[in-house]
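Residues per chain, in single letters:
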Amino acid sequence: MSHALPVTPLDTLTAALRRALPVLPVIAVIALLGLPIAPSGEGGANIADAVSGLVVLCCAVHLLRTRRRPLSATAAVVLGLPVVGISVAAAGAADVGAGITGLTRYLQVFVLVPAAVLLLVRDRRDLRLLAWSFVALALWQGAVGVHQYVTGTGASYQGEDVRAVGTFGPTDVMGMATVVAFGVVCAVALALGAAEPRRRTIAVLCALVLLGPLALSFSRGAWIATAVACGAQLVLAGVRRAVKVVAVLVAAGTILVGGLGVGSSMLQERLTSITQVTDAPDQSVTDRYTMWAAATGMWREHPLTGVGLKGFPDYRDSHASLALSSGSDIAGAGAAYHKQALLSPHNMYLLVLSEQGLVGLLALAGSWLALLVGALRGLVRSRRPAQGTGSDTGTGPDTNTGSGTDCALVACGLLVWQLVDFVYADIGGPSTVLTGVVFGVVGWWALMDPSATPAARAAAPAAAVRKEAAAR
């Protein structure tokens, strides 16, 4: 008579790592963004970008080993659509080297990395693992940012080194804000869709903790995008719940800020400045509006194909008014004071419009719109009773995957955040590789049928046999 050996924690860990092996390269990209990044004003490639190339390679090897069909026709069209405008703009670039560099960056962020992530994620457990990875990175970067604010070792803001920038440094002040915002959005989604009370409680606590470093980033664009994304998640999760949560947040904010006076004068002034973009704008707002006007002017002269990839800096001075300053003041967080040139309009839509024209903007926006529609359809599908394999009910082979509401809210929230943030920012800097991961996560939910997981496909023949036997 044989006796089963006891399962040790090491066995459990080994099994978990083996099951998550395909998606581990993506987690490595996220984790590497927690390392300190050397100050640089060029926004060049970093170690996370290099590993993202390995992710694409790992995806290719994985496809060859498993002999899977790479992408469905719909997924290929949606993910490949941006290639049209990018290629045309690269061919029309005045500088061949700059055109190739821009082509590589755009393909990395909007095509290759999203496609690799989409193919490496196998089921909802993998997607949840990536969501928790976003939260973990946000907690780490947020902790570094809070320490910078408390000790006065952050980036310079209004003459004081108090701006929380995490490990990204003063040349990428949006880096920590982006990472922390992704963490907040993922935590809110996991809290709203989690079935287990313990996981829901942990997610809520993470979201609340991350609000502090997000505020200390002094990033108005990240604040607005996070508020819109989380508001959309609440509405998608249920209008009644959304009303209750908003009422609690308003009451808590009134007590903390109005009653207890929580919040520095810098933070309150930054928050107030959001509504002063026309009456009394600060220099950063003036610069942004000036560059927006310059981008629009470039598009009017080259409406279809734009001025070419990486062409905005070359055409900026001939289209910008005298209101544009010489650059942004950079100091603090380990960097000496210097001026950082303003080389983009800080608006992704206008950057694409000016450099790629209507062809590029329609291609990119069309791809993003298709992802948004697919993500919303997936949310509706996740709320229907599971059929066939029982993968969502815990009775089939793909157990413990849940209804998928949390995954749907993660995908919808991240995409809404990114589309809103693109009004105030564009690609560039070390954190840009996360944008590619985000589009990959959204793409898996929007373009891959959650019921068509490897386990569900493997169970399909057995399910068909059982159905035929029952019919007899």
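In this text the structure is predicted, and so the values were computed from the model without any measurement. (Residues numbered from 1 in each chain as written. Predicted model: local features only at pLDDT ≥ 70, side-chain atom pairs only at ≥ 80, totals over all residues. Heavy atoms only, no water.)

K.L.:
What's the story with the packing of helix H3 (residues 47-66) against helix H6 (residues 96-120) in this structure? I'm lost.
P.N.:
Helix packing for two helices is described by the angle between their axes and how far apart those axes are. Two numbers describe how H3 lies on H6: the axes approach to 9 Å, and their chain directions differ by 45°. Overall, the two elements H3 and H6 adopt an arrangement that is oblique. H3 and H6 meet at a crossing whose hand is left-handed. The residues of H6 that touch H3, namely those facing Asp-49, Ser-52, Val-55, Val-56, Cys-59, His-62 and Leu-63, are Arg-105, Gln-108, Leu-112, Val-113, Ala-116, Leu-119 and Leu-120. (Axes fitted to C-alpha atoms, helices over the stretch in contact; angles between N-to-C directions. Helix = DSSP H or I, 4+ residues; strand = E, 2+ residues; numbered from the N terminus. Parallel < 35°, antiparallel > 145°, perpendicular 65-115°, else oblique. Left-handed = near helix turned anticlockwise from the far one by under 90°. Contact = heavy atoms within 4.5 Å.)

K.L.:
Help me out: how do you make sense of helix H5 (residues 82-91) in this one?
P.N.:
Every α-helix winds through 3.6 residues per turn, so residues three or four apart in the chain are directed the same way. Of all the positions in H5, only Pro-82, Gly-85, Ile-86, Ala-89 and Ala-90 are classed as buried. End-on view of H5: buried residues confined to an arc of 130°, all on one side of the axis. The elements touched by buried residues of H5 are helix H4 (73-80), H6 and helix H15 (348-382). (Buried < 20%, exposed > 50% of the residue type's maximum accessible area, 1.4 Å probe, protein only. Arc of directions from axis to C-beta.)

K.L.:
What is the right way to look at the side chain of Asp-123 in this model?
P.N.:
Turning to its location among the elements, Asp-123 is positioned in the loop between H6 and helix H7 (124-151). A residue is classified by how much of its surface remains accessible, and Asp-123, at 5% relative accessible area, is buried.

K.L.:
Explain the packing of helix H8 (residues 173-193) against helix H16 (residues 405-421) to me, please; I cannot follow it from the model alone.
P.N.:
The N-to-C vectors of H8 and H16 enclose an angle of 150°; their axes lie 8 Å apart at closest approach. With respect to each other, H8 and H16 are oriented roughly antiparallel. Note that H8 runs across H16; the crossing there is right-handed. Side by side, H8 and H16 meet where Met-174, Thr-178, Ala-181, Phe-182, Val-185, Cys-186, Ala-189, Leu-190, Leu-192 and Gly-193 of the first sit next to Thr-405, Asp-406, Leu-409, Val-410, Gly-413, Leu-414, Trp-417, Gln-418 and Asp-421 of the second. Its residues assigned to classes, the contact of H8 with H16 shows 12 nonpolar, 5 polar and 2 charged. (Nonpolar A, V, L, I, M, F, W, Y, C, P; charged D, E, K, R; others polar.)

K.L.:
Explanation requested: the environment of Ser-344 in the structure shown.
P.N.:
Mapped onto the elements of the fold, Ser-344 is located in the loop between strand S4 (335-340) and H15. Separated by 83 residues in sequence, Ser-344 and Ile-427 place their C-alpha atoms 9.3 Å apart. Other than its neighbours up to four places away in sequence, Ser-344 contacts Met-291, Phe-312 and Asp-426. Side-chain polar atoms of Ser-344 contact the side chain of Asp-426, separated by 2.9 Å. (Polar contact = N/O pair within 3.5 Å; in protein donor to acceptor, adjacent residues only side chain to side chain.)

K.L.:
Even after reading the chapter, I still don't get unusual backbone geometry, so can you show me in this structure?
P.N.:
For residues besides glycine, phi is generally negative; the peptide bonds are generally trans as well. Here the phi dihedral of Phe-218 falls at roughly 55°; this positive angle occurs in a residue that is not glycine. Structurally, Phe-218 is set in the loop between helix H9 (197-216) and helix H10 (220-237). The phi torsion at His-346 lies on the positive side, around 55°, for a residue other than glycine. Structurally, His-346 can be placed in the loop between S4 and H15.

K.L.:
Help me out: how do you make sense of H8 in this one?
P.N.:
Taking 1.5 Å per residue as the helical rise, H8 with its 21 residues ought to reach 30 Å, and the 31 Å between its terminal C-alpha atoms agrees with that figure. Counting buried residues in H8 gives 19 out of 21 residues, a clear majority hidden from the surface. (Expected span 1.5 Å × (residues − 1).)

K.L.:
For this particular structure, what's the right way to read the nonpolar core?
P.N.:
Proteins that are soluble and globular tend to have nonpolar side chains buried together. Within the largest apolar cluster, 113 residues are counted, with the highest numbers of intra-cluster contacts made by Tyr-106, Phe-110, Leu-130, Met-348 and Leu-414. Top element by residues in this core is H8. It accounts for 15 residues. The residues contacting Phe-110, other than those within four sequence positions of it, are Leu-79, Met-348, Leu-364, Trp-368, Phe-422, Ile-427, Thr-435 and Phe-439. (Core = buried A, V, L, I, M, F, W, Y, C linked by side-chain atoms within 4.5 Å.)

K.L.:
Could you clarify how one ought to interpret a nonpolar patch on the surface in this entry?
P.N.:
Where nonpolar side chains cluster on the molecular surface, the patch consists of Leu-81, Val-84, Val-88, Leu-304, Leu-358, Val-359 and Leu-362 and spans about 560 Å² of accessible area. Where the nonpolar patch is concerned, the elements lending two or more residues are H5 and H15. Looking at which element gives the most residues to the nonpolar patch, the answer is H15, with 3 residues. Within the fold, Leu-358 resides in helix H15. On the basis of relative accessible area, Leu-358 is assigned to the partly exposed category, the value being 31%. (Patch = residues over 30% accessible without salt bridge, like charges linked within 9 Å, V, L, I, M, F, W, Y side chains within 5 Å. Areas by Shrake-Rupley, 256 points an atom, 1.4 Å probe, with all protein chains shown as cover. Salt bridge = Lys/Arg side-chain N within 4 Å of Asp/Glu carboxyl O.)

K.L.:
Before we go on, may I ask you to explain the pattern of salt bridges in this structure?
P.N.:
Two side chains with opposite charge may pair up if their charged atoms get near one another. What the rule picks out here adds up to 6 salt bridges. The partner of Asp-123 in a salt bridge is Arg-125, and the shortest N-O contact between them spans 3.5 Å. Residue Arg-125 is classed as partly exposed on the basis of its relative accessible area, which comes to 27%.

K.L.:
Help me understand the pairing of strand S2 (residues 160-163) in this model?
P.N.:
The side chains of a regular strand alternate between both faces of the sheet. One ladder, built from 3 bridges, connects strand S1 (residues 155-157) with S2; its direction is antiparallel. Each residue of the ladder has a partner; that of Ala-155, found in S2, is Arg-163. From the end of S1 to the start of S2, which pair antiparallel, there are 2 residues, and Gln-158 there has a positive phi angle of about 55°. (Pairing = 2+ DSSP bridges.)

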